[in-house]
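# Fold and contact review
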Amino acid sequence: MKSQTNLLLRFAENNLGRLWLGLVYLFLYIPLFFLIIFSFNSTRQDGVFTGFSLRWYQALLSDSRLVEGFFLSLKVALITGTLSVVLGCFAAFVLVRYLRFTGRTLFYGMVNAPLVMPEVIIGLSLLLLMVAVQRTLGWPDRGFITIVTGHTLLGMAYATVVIQSRLSEVDRSLEEAAMDLGCRPVQVFFLVTLPNIAPALVSAWLLTFTLSFDDVVISEFLSGPGVTTLPQVIFSYARRGVNPSIYAAATLLIAAVSLGIITYSVLMLRRQKRLDREISAATRSEQAFPDPAAAG
Amino acid sequence: MKVSSWFQGFLFNLGRRFVIGVPYVWLLLFFVLPFLILLRISVTDMGNGVDPFAPLIDAMPGSWRIKLRHENYFSIFSDAAQGAVGGLGGGFGNTIYMEAYAISLKYALLTTLSCLLIGYPFAYFLARSRPSVRPALLMLVMLPFWTSFLLRVYAWKGILADQGVLNNLLLALGIIQEPVVMLYTNVSMLVGMTYVYCPFMILPLYANLVKMDFRLLEAAHDLGASRWKAFWLITVPLSKSGIIAGSMLVFIPSVGEFVIPSLLGGAENIMIGRVVWDEMFSSNNWPRAAALAVVMIVLILVPLAFYYRASSGRGAHAES
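Values in this document were obtained by computation on a predicted structure and should not be read as measured data. (Residues numbered from 1 in each chain as written. Chains lettered and ligands numbered in written order. Predicted model: local features only at pLDDT ≥ 70, side-chain atom pairs only at ≥ 80, totals over all residues.)

## Some words on the overall build of chain B
Scanning chain B from N- to C-terminus turns up 13 helices and 2 strands. Sequence separation of at least 24 residues holds for 66% of the intrachain contacts in chain B that already meet a minimum separation of 6. (Helix = DSSP H or I, 4+ residues; strand = E, 2+ residues; numbered from the N terminus. Contact = placed C-beta atoms within 7 Å.)

Printed below as a string of structure tokens:
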């Protein structure tokens, strides 16, 4: 009797879990479904799907503000991603390898602080800096350079976290072996360390690229006249009201991201399989040719 | 030989300095310096036509004085029209700024609570799911994060509108008779903030719960504790650090949130991020915007200090 109620309880618990997971996933994905479905709507109406059409995609492509914003955001995100990974690589190296130097505590604080600082504050203080610099040096004007700087400040913090966790797992004996074989420290870094942390560099780049491509607050503070990123254009449209071309843009973005993630996972899976195969092949050959020293 | 090894040591040191120096200088220039400028602007004169970058120190032959202004801070906390000018008069606490801080804290707190309420069971069930499906389930949580946050918030606008999908659905099901006003209210704002910040609560909680030894629950069960009691006495205390980490990750950015209130919030719920923005770009009152930002940093530093103490305490515990 007791075991029966227990079974019943366990059954209920299992289903409660599935139900809860399902509901929260629904909550997380409803907006995405909404964006995709209503990007194909034939009218401007929001609540009813009146028929299938591609007119919002046409409207999107002929909207010069959105298209220009897209290319600007792409450029900003590409540069931000690259700069953030380079700087994040330096910072992660310092945090993992140089455990003692003057000002390490300050450095640790500075690296992590942008992660928890509201973007409004980062944007405002950087804007004040940029205005001060512009007044004394006459350069740079608010626009591309200032936006990239702001995004990189935030991106570097995220890149550091990602690279740091990978770097701390790297087997240092490989580097020591390379040193013993006569590599200079720079060679060790490029020939041994860098290939080892390459996956983290890729994920850090993707993460910072996305953050930059998506950022609206810092761009709003740091952009100048005539320089508007895609999120800024979307934000200004969104404040005015419903515009299904934005849904079309969203759908294209969702498609691109899903495609990217699927490709990435397939590549990773293949890599893992190849690695497994090589490892098992290596262990097999060891068995086929036993170490003569051990045999003797 | 000796010279060359000395030279190599010199190069090594140089390389080390370079590696430390590059990110250090970058952060000093673009993180610390802006804050110093922010602090400095916040104490300048806010009169019209005054250059906020004018030197703080008046140098006259034979004497100098520092022009530090506290009006920016006083005007945040007390209404000069009601109280004595520059003093803590009767208008204390009744300014729109104080109200904005209160609203920001309230919504940040509510967001944190609702994220915890939704996220904790979710993370718990995720951690107890079969290990083979876990990576896929986790990936599904992360996936929306890779698509634009702005667009996902924007979608809620269409869903919650008076003639929107949700109202139409509820009308069709006969649950409501006429459309419920949801958009531009505190409900829509809370939904939007919970939606955006939920993954930030789920991920640290999951990372914490997945490491938990569930045999402890079985042991408690064998010793006669009910499932509910075991959950409260074992699972919740063990996941305390995860709860704190997740709450911080939700609470801190929520306080300064700017985009979600502008898109989904109503006119009566002006949060502090928006006020800073308006002071900066609409009123062009840079010193006050800077002062508001400084007070916001102080407000955030309090829970942050608490968090660092909790997490460093956890680190020490793990090492012992």
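Right, picking up where we left off after that structure.
## Considering the overall build of chain A
The helix and strand tally for chain A stands at 12 helices and 0 strands. Mapped from its N terminus to its C terminus, chain A presents α and β elements in the order α-α-α-α-α-α-α-α-α-α-α-α. The C-alpha atoms of chain A give a radius of gyration of 26 Å, which is well past the 19 Å a tight globule of 296 residues would have. Dimensions of chain A along its principal axes, counting C-alpha atoms only, are 85 × 80 × 40 Å. For chain A, buried positions account for 36% of its 296 residues. If you take every contact in chain A between residues at least 6 apart in sequence, the share linking residues at least 24 apart comes to 76%. (Rg over C-alpha atoms; globule rule 2.2 N^0.38 Å. Buried ≥ 20, exposed ≤ 12 C-beta atoms within 10 Å, placed from the backbone.)

## Things to note about the confidence of the model for chain B
Residue and element names in this part refer to chain B. When the pLDDT values of chain B are averaged, the result is 81; 82% of them are 70 or greater. For residues 81–90, every residue scores under 50 in pLDDT, and the model assigns this stretch 17 contacts once sequence neighbours within four places are set aside. In the predicted structure, residues 314–320 sits below a pLDDT of 50 and forms 1 contact with residues beyond four places in sequence or in another chain. Scoring of the predicted complex yields 0.83 for pTM and 0.81 for ipTM. (pLDDT = per-residue confidence, 0-100.)

## Regarding the interface of chain A and chain B
At the junction of the two partners, chain A supplies 60 residues and chain B supplies 67 residues. Secondary-structure elements contributing two or more residues to the side of chain A that touches chain B are α1 (2–39), α3 (64–97), α4 (104–116), α5 (119–137), α6 (144–167), α8 (185–214), α10 (230–240) and α11 (244–288) of chain A. By residue number, the principal contributor to the side of chain A that touches chain B is α1(A), which donates 14 residues. Residues of the side of chain A that touches chain B, tallied by class, amount to 50 nonpolar, 5 polar and 5 charged. (Nonpolar A, V, L, I, M, F, W, Y, C, P; charged D, E, K, R; others polar.)

## Comments concerning the packing of helix α3 (residues 96–128) of chain B against helix α10 (residues 240–255) of chain B
Residues and elements named next belong to chain B. α10 packs onto α3 with a crossing angle of 145° between their chain directions and a minimal axis gap of 9 Å. The two elements α3 and α10 cross, and the hand of that crossing is right-handed. Contact residues: α3 offers Ser104, Leu105, Tyr107, Ala108, Thr111, Thr112, Cys115, Leu116 and Gly119, while α10 offers Ile243, Gly246, Ser247, Val250, Phe251, Ser254 and Val255. Here the contact of α3 with α10 is built from residues that sort into 9 nonpolar, 7 polar and no charged. (Axes fitted to C-alpha atoms, helices over the stretch in contact; angles between N-to-C directions. Left-handed = near helix turned anticlockwise from the far one by under 90°.)

## A look at the domain arrangement of chain B
Residue and element names in this part refer to chain B. Partitioning chain B into domains gives domain 1 (1–42) and domain 2 (97–319). Here the C-alpha centroids of domain 1 and domain 2 sit 37 Å apart. Facing 4 residues of domain 1, the contacting portion of domain 2 comprises 6 residues. (Domains from an automatic or database assignment.)

## A few points about the confidence of the model for chain A
Of all residues in chain A, 94% attain a pLDDT of 70 or more, and the chain-wide mean is 85. Per-element averaging of pLDDT across chain A places helix α12 (residues 292–295) of chain A at the bottom with 54 and α3(A) at the top with 93.

## Some details on unusual backbone geometry
Residues and elements named next belong to chain B. Positioned with a positive phi, Tyr184 is a non-glycine residue whose angle comes to about 60°. Tracing the sequence through the fold places Tyr184 in the loop between α6 (165–173) and α7 (186–209). The exposure class assigned to Tyr184 is partly exposed, which follows from the 19 C-beta atoms found within 10 Å. For Asn284, which is not glycine, the phi dihedral falls at a positive 55°. Position of Asn284 among the secondary structure elements: in the loop between α12 (272–281) and α13 (286–319). Judged by the 10 C-beta atoms lying within 10 Å of it, Asn284 is exposed.

## Comments concerning α6(B)
Three or more residues of α6(B) are buried, namely Val165(B), Leu166(B) and Asn167(B). Positive phi appears at Gly174(B), one or two residues downstream of α6(B), with a value of about 75°.

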